[in-house]
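Spelled out, the chains give:
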Amino acid sequence: MQASGTIAAHVPPDLVRTCPLFDRVASTESPYESMIPAIHADYPRVSYVTNIFPGKRPGWMLKRAEDVRTLLQDTENFEKRGMGQWSQGIGENWLVIPTEADPPEHAHYRKALNEHFTPAKMMGLTDQIRERARGLIDQFKDRGSCDFIADFSESYPVNIVLDLLGLPQARMREFLRWERDMLHTDDLAVRGNATRAVKNYLLEEIESRRRVPQDDYITRIFDFDFDGRKWTDDEVLGHCFNLYLGGLDTVTSLLGLMFQFLARNPGHQQQLRDDPKLIIVAVEELLRAFAPVTSFRICAKPIMFHGVQFMPGDYVSVATGLVGRDPLAYDQPDEIRFDRKPSIIALGGGIHKCLGMHLARRELQIAIEQWLAAIPDFRVKDGTDVPFFVGNILHVQRLELAWGREC
């Protein structure tokens, strides 16, 4: 991909921007209230952002939902192979499966995987997920306050994914450190070192299962079929890496963003207390309003896109945070309405819709359900700030909540 600081010859200078949404720093100003509305108001339909990818590397930014949905459906002109630069960043060439696979291979991977992540199977995890949520909440519910990120949202989805993969809960803090170094830095050396550490650890776990099979998901991967053959070692690694990435970060980010909103909006909080059945549709609206992830497609061939020339190798953004706040797609997009029932791409779209989307939804729904059942009216603790980290995954770094006497 294009090096940091260089602008390709086919890029019109008037479309070039350095966008604060990708500065990879923390701010007490919510990007959903400041940066994202400003982009919709002031940026061209298609712009070329110099810092859109880690390492301050450039790419095209699409701000309109219509354009992003078009991009997601066009697998001929826009590819995903190597999109995250994970293995490539450490001098290797395995793919993150199925995230970085293109047609026709992608269909073979999803055929093997989809049956393991159906809505029914994720519903079957309900008791286990509730137990994890309750166990964490029980540790601080009588205290009257907590750091929601450190005490709940970091651990909760990670517990569930580690259970799924059969990985040790005791190493969770180490896993979280690697995840932060991979996903929340602009330093490519730090990113590469963490990627290598995760890869080496997963290879150890995979080899352990080959020697002594267990009743867990990693062991089952060895029997997955790709057009009549078993998956290769690189494919097994690439899929485990995909689950590690997706399971340890996205739901944590979504929870922090959703709960800071509920903490600051007691009327919305009360709606869900009055009618817990509303939580399912409320989660969809919160996914729209607080979509955190910017991913990418890679231009495969020369193509004109709304009058702008894209060339092979160009990175093109799928910025879900921009899509969810597009005023041309949603009426009053900055207003949170639990009866909206929006069409969303917060969990992906097209053939690459998130493999774990049903699990993610169940985790979010149960987190809100169990929290409201155990914790009375809660607010952001007086005298504390809420730092929002901007970058390819928007998230809240710290969220001090208080209830009862602490309010």
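Asks: Mind laying out the overall build of the protein, listing which residues take part and the relevant values?
Replies: Counting its secondary structure elements, the protein contains 16 helices and 16 strands. Its C-alpha atoms give the protein a radius of gyration of 21 Å, within 12% of the compact-globule value 22 Å for 407 residues. When its C-alpha atoms are laid out on the principal axes, the protein stretches across 60 × 60 × 35 Å. Long-range pairs, those at least 24 residues apart, make up 71% of the contacts in the protein between residues at least 6 apart in sequence. Of the roughly 16,600 Å² of accessible surface on the protein, a fraction of 49% belongs to carbon and sulfur atoms. Between the centroid of the 48 positive side chains of the protein and the centroid of its 57 negative side chains there is a distance of 1 Å.

Asks: Explain empty space enclosed by the protein to me, and be specific about the residues and the numbers.
Replies: For the coordinates displayed, the defined rule picks out three cavities of 30 Å³ or more. In this structure, the largest cavity encloses a volume near 1,100 Å³. In terms of lining residues, the largest cavity is bounded by 50 residues, among which T99, N242, G246, T250 and V293 are the most central. Residue assignment for the lining of the largest cavity shows that the elements contributing at least two residues are helix 3 (105-113), helix 7 (155-165), helix 8 (172-183), helix 11 (233-247), helix 12 (250-264), strand 9 (294-299) and helix 16 (357-374).

Asks: So, the environment of D314: which residues are in play, and what are the values?
Replies: Inspection of the secondary structure assignment puts D314 in the loop between strand 11 (308-310) and strand 12 (315-319). In the structure, D314 is positioned 13 residues away from P327 in sequence and 27 Å away in space, judged by C-alpha atoms. With residues near it in sequence (within four places) discarded, D314 still touches H10, W60, R297, I298 and C299. Engagement of the side chain of D314 in a polar contact is seen with the backbone nitrogen of M311, the distance being 2.9 Å.

Asks: Give a description of the nonpolar core that names residues and reports values.
Replies: Within soluble globular proteins, side chains that are nonpolar tend to cluster in buried spots. The biggest cluster of nonpolar side chains holds 119 residues, and the ones touching the most others in it are F148, F152, Y156, W231, W371 and F378. Excluding residues that lie within four positions of it along the chain, W371 makes contacts with I137, F140, C146, F148, F152, F259, F378, L401 and W403. With 21 residues, the next largest nonpolar core counts L15, V68, F78 and V318 among its residues.

Asks: Pulling in residues and values, what's your account of the sheet that holds strand 2 (residues 26-27)?
Replies: An order of 2-14-15 is seen for the three strands of this open sheet, with the pairing classed as antiparallel. Edge positions in the sheet fall to strand 2 and strand 15 (395-396), since each has one partner strand and no second. Here strand 14 (residues 388-389) runs beside strand 15; their pairing, made up of two bridges, is antiparallel. Residue pairing for strand 15: F389 is matched across the bridge by H395.

Asks: So, the packing of helix 12 against helix 16: which residues are in play, and what are the values?
Replies: Look at helix 12 against helix 16: their axes get within 11 Å of each other, and the N-to-C directions meet at 40°. Relative to helix 16, the element helix 12 is oriented oblique. Along this stretch, helix 12 crosses helix 16, giving a crossing that reads as right-handed. The segment helix 12 lies against helix 16, with V251, L254, L255, M258 and F259 engaging A360, E363, L364, A367, I368 and W371. In terms of residue class, the contact of helix 12 with helix 16 is made up of 10 nonpolar, no polar and one charged.

Asks: Would you mind going over the pairing of strand 12 in detail, with residue names and values included?
Replies: Most of strand 12 is tucked away, with five of its five residues classed as buried. Burial along strand 12 is two-sided: the face carrying Y315, S317 and A319 and the face carrying V316 and V318 are both buried. Here five bridges tie strand 9 to strand 12, and the two strands are oriented antiparallel to one another. Residue pairing for strand 12: R297 is matched across the bridge by V316.

Rules and cut-offs
- Residues numbered from 1 in each chain as written.
- Predicted model: local features only at pLDDT ≥ 70, side-chain atom pairs only at ≥ 80, totals over all residues.
- Heavy atoms only, no water.
- Helix = DSSP H or I, 4+ residues; strand = E, 2+ residues; numbered from the N terminus.
- Rg over C-alpha atoms; globule rule 2.2 N^0.38 Å.
- Contact = heavy atoms within 4.5 Å.
- Areas by Shrake-Rupley, 256 points an atom, 1.4 Å probe, with all protein chains shown as cover.
- Lys, Arg positive; Asp, Glu negative; His and termini not counted.
- Charge placed at Lys NZ, Arg CZ, Asp CG, Glu CD.
- 1 Å grid on protein atoms, 1.4 Å probe; cavity = no way out; pocket = protein on both sides within 12 Å on 5 of 7 lines; lining within 4 Å.
- Points joined across faces, edges and corners; volume = space filled by probe spheres on them.
- Polar contact = N/O pair within 3.5 Å; in protein donor to acceptor, adjacent residues only side chain to side chain.
- Core = buried A, V, L, I, M, F, W, Y, C linked by side-chain atoms within 4.5 Å.
- Buried < 20%, exposed > 50% of the residue type's maximum accessible area, 1.4 Å probe, protein only.
- Pairing = 2+ DSSP bridges.
- Axes fitted to C-alpha atoms, helices over the stretch in contact; angles between N-to-C directions.
- Parallel < 35°, antiparallel > 145°, perpendicular 65-115°, else oblique.
- Left-handed = near helix turned anticlockwise from the far one by under 90°.
- Nonpolar A, V, L, I, M, F, W, Y, C, P; charged D, E, K, R; others polar.

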